[in-house]
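One-letter residues, chain by chain:
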Amino acid sequence: MSHNDTVPLYQSSQSDIDEIENMMSEGFQSGPGTVLPARPPSPIRPSIPVTSSPFVQSNLPPLPPPSSSSAAQKVTPAAPSAPPPSLPPSSGGNAIGFGSPPNTLTEPVWDTVKRDLSRIVSNLKLVVFPNPNREDPGKALRDWDLWGPFFFIVFLGLTLSWSASVKKSEVFAVAFALLAAGAVILTLNVLLLGGHIIFFQSLSLLGYCLFPLDVGAVICMLKGNVILKMVVVCVTLAWSSWAAYPFMSAAVNPRRKALALYPVFLMYVSVGFLIIAID
């Protein structure tokens, strides 16, 4: 194909070329377009000084240099504070304060026995004998235990069985069942009446109140006089009832006090009749 040869164009291509040429000619004829006015310059903003130091320099005047007299003075050290006073150990052998109690699993057996015996003696004084804490059951027997009540129940059963001439084992079984079951029933009675007392704390209180009856059973075993037995049982029965009264009455509503005290008195009367009847 030579340079002078022409290639026929399609109709659509020719129309496109004509349209482009018309647009170009109109653009040249109209002249340069209008130019929008320039945007006014923004006001000058105050610049923040940037420094390479991490601390900002202060405008305060520098401190005066220390004088020779003040530099010669020595700073006296503060006197060390006195150590806090050490707390005395409690009656149970544990130190008073916060923290975990000492481990008693590795202590000697004799130390454990001494600690339990001291606790029994302390609780017996708080419950049976006059003391200023009798009106507050929570303060009087806060460190309750079941070893003391168990010992007094077993000792009373053994004393009654030794006093009996026949069927000693049956006497011990009846006495032990009466005392153990009676303490549980009396405690449930106080709780059902709405009493504010711990179950095992109530068992402990009722068991410690048997101590006067234990003393009366020993005296009646040594003396066979019926009149002496009646006098001793009446005295020890009143003593046991007096010991149990403040704790049981304070645990329930004053309107239900009689419902809580009457079963306790009835159980102690039953034990007193056993002491008198067994020969």
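Residues numbered from 1 in each chain as written. Predicted model: local features only at pLDDT ≥ 70, side-chain atom pairs only at ≥ 80, totals over all residues. Heavy atoms only, no water.

What to know about the pattern of salt bridges
Operational definition: For this analysis, a salt bridge means a side-chain nitrogen from Lys or Arg found within 4 Å of a carboxyl oxygen belonging to Asp or Glu. The helix and strand labels rest on DSSP assignments: H or I over at least four residues marks a helix, E over at least two residues marks a strand, and numbering proceeds from the N terminus. Note on exposure labels: buried denotes an accessible area under 20% of the residue type's maximum, exposed denotes more than 50%, and partly exposed covers the range between, all computed with a 1.4 Å probe on protein chains only.
Inspection of every chain in the model, using the stated rule, returns one salt bridge. Linking Lys114 and Asp111 is a salt bridge whose minimum nitrogen-to-oxygen distance equals 3.9 Å. Of this pair, Lys114 and Asp111 both sit in helix α3 (residues 109-128), separated by three residues, roughly a single helical turn. The exposure class of Lys114 is partly exposed, given its relative accessible area of 41%. By relative accessible area, which is 32% here, Asp111 ends up partly exposed.

Concerning the packing of aromatic side chains
The geometry of an aromatic ring pair comes down to the distance between the two centres and the angle between the two planes. Keep this limit in mind: Only Phe, Tyr and Trp rings are paired, with Trp represented by its six-membered ring, and only when their centres lie within 6.5 Å; those with planes under 30 degrees apart are stacked, over 60 edge-to-face, the remainder tilted.
For the coordinates displayed, the defined rule picks out ten aromatic pairs. Their ring planes at 85° and their centres at 5.3 Å tell us that Phe199 and Phe200 sit as a pair that is edge-to-face. Overall, the relative accessible area of 27% leaves Phe199 in the partly exposed class. Classification of Phe200 by relative accessible area gives partly exposed; the value is 40%. In this structure an aromatic cluster arises from ring pairing among Phe129, Phe151, Phe152, Phe155, Tyr208, Phe211 and Trp239.

Some details on the packing of helix α5 (residues 147-163) against helix α7 (residues 199-208)
Our working rule: Lines fitted to C-alpha atoms define the axes, with helix axes restricted to the stretch in contact, and inter-axis angles between N-to-C directions lie between 0 and 180 degrees. With respect to orientation, any angle under 35 degrees is reported as roughly parallel, any angle over 145 as roughly antiparallel, any angle of 65 to 115 as roughly perpendicular, and every other angle as oblique. Crossing handedness is defined as follows: a turn of the near helix away from the far one that is anticlockwise and smaller than a right angle gives a left-handed crossing, while the clockwise case is right-handed. Any two residues having at least one pair of non-hydrogen atoms within 4.5 Å are treated as being in contact. Three residue categories are used. Nonpolar comprises Ala, Val, Leu, Ile, Met, Phe, Trp, Tyr, Cys and Pro, charged comprises Asp, Glu, Lys and Arg, and polar comprises the others, including Gly.
Orientation of α5 relative to α7, taken along the N-to-C sense of each, is 40°, at an axis distance of 8 Å. Put simply, α5 runs oblique to α7. Considering how the two elements wind past one another, α5 and α7 form a crossing that is left-handed. Residues Gly148, Pro149 and Phe152 of α5 lie in contact with α7, whose contacting residues are Leu203, Ser204, Gly207 and Tyr208. A class-by-class count of the residues in the contact of α5 with α7 yields four nonpolar, three polar and no charged.

Some thoughts on a negative patch on the surface
Applicable threshold: Excluding any residue in a salt bridge, patches collect residues exceeding 30% relative accessible area, merging like charges within 9 Å and nonpolar Val, Leu, Ile, Met, Phe, Trp and Tyr side chains within 5 Å. The method behind every accessible area is Shrake-Rupley, applied with a 1.4 Å probe, and residues are considered shielded solely by the protein chains displayed. Under this rule, positive means Lys or Arg and negative means Asp or Glu; His and the chain ends count for nothing. Positions of charges follow a simple convention, taking NZ of Lys, CZ of Arg, CG of Asp or CD of Glu.
On the surface, a cluster of negative charge is contributed by Asp16, Asp18, Glu19 and Glu21. Among the secondary structure elements, Asp18 is positioned in helix α1 (residues 11-30).

Points about the layout of surface pockets
The condition is simple: Only protein atoms enter the calculation, which uses a 1 Å grid: trapped sets of points that fit a 1.4 Å probe without letting it out are cavities, open sets showing protein on both sides within 12 Å along at least five of seven lines are pockets, and any residue with an atom within 4 Å of a point is a lining residue. Grid points are joined across faces, edges and corners, and a volume is the space filled by probe spheres set on the points.
Reported here for the second largest pocket is a volume of approximately 180 Å³. Lining of the second largest pocket is provided by Leu146, Pro149, Phe150, Ile153, Phe176, Leu179, Ala180, Ala183, Val184, Leu203 and Gly207. Residue assignment for the lining of the second largest pocket shows that the elements contributing at least two residues are α5, α6 (168-192) and α7. The element that contributes the greatest number of residues to the lining of the second largest pocket is α6, accounting for five residues. Each residue belonging to the lining of the second largest pocket can be placed in one class, and the counts come to ten nonpolar, one polar and no charged.

A look at the environment of Phe129
As for its position among the elements, Phe129 is in the loop between α3 and α4 (137-140). The exposure class assigned to Phe129 is partly exposed, which follows from its relative accessible area of 32%. Residues Phe129 and Ala243, spaced 114 residues apart in sequence, show a C-alpha to C-alpha distance of 7.6 Å.

Remarks on unusual backbone geometry
Unusually for a residue other than glycine, Lys167 sits at a positive phi of about 55°. With respect to the helices and strands, Lys167 occurs in the loop between α5 and α6.

Let's talk about helix α10 (residues 257-277)
Put simply, the rule is: What a helix is expected to span follows from its residue count: subtract one and scale by 1.5 Å.
Taking 1.5 Å per residue as the helical rise, α10 with its 21 residues ought to reach 30 Å, and the 31 Å between its terminal C-alpha atoms agrees with that figure. Buried within α10 we find Ala260, Leu261, Val264, Met267, Tyr268, Val269, Val271, Gly272 and Ile275. Tucked inside the fold, the buried residues of α10 contact α5, α6, α7, α8 (211-222) and α9 (226-251).

Side note on the side chain of Thr236
This is how it is decided: Any pair of N or O atoms that falls within 3.5 Å is considered a polar contact. Within protein, one atom must be able to donate a hydrogen and the other to accept it, and sequence-neighbouring residues count only if both atoms are side-chain atoms.
Inspection of the secondary structure puts Thr236 in helix α9. One polar contact links the side chain of Thr236 to the main-chain carbonyl oxygen of Val233, over a distance of 3.1 Å. Aside from chain neighbours lying at most four places away, what touches Thr236 is Pro212, Leu213 and Gly216.

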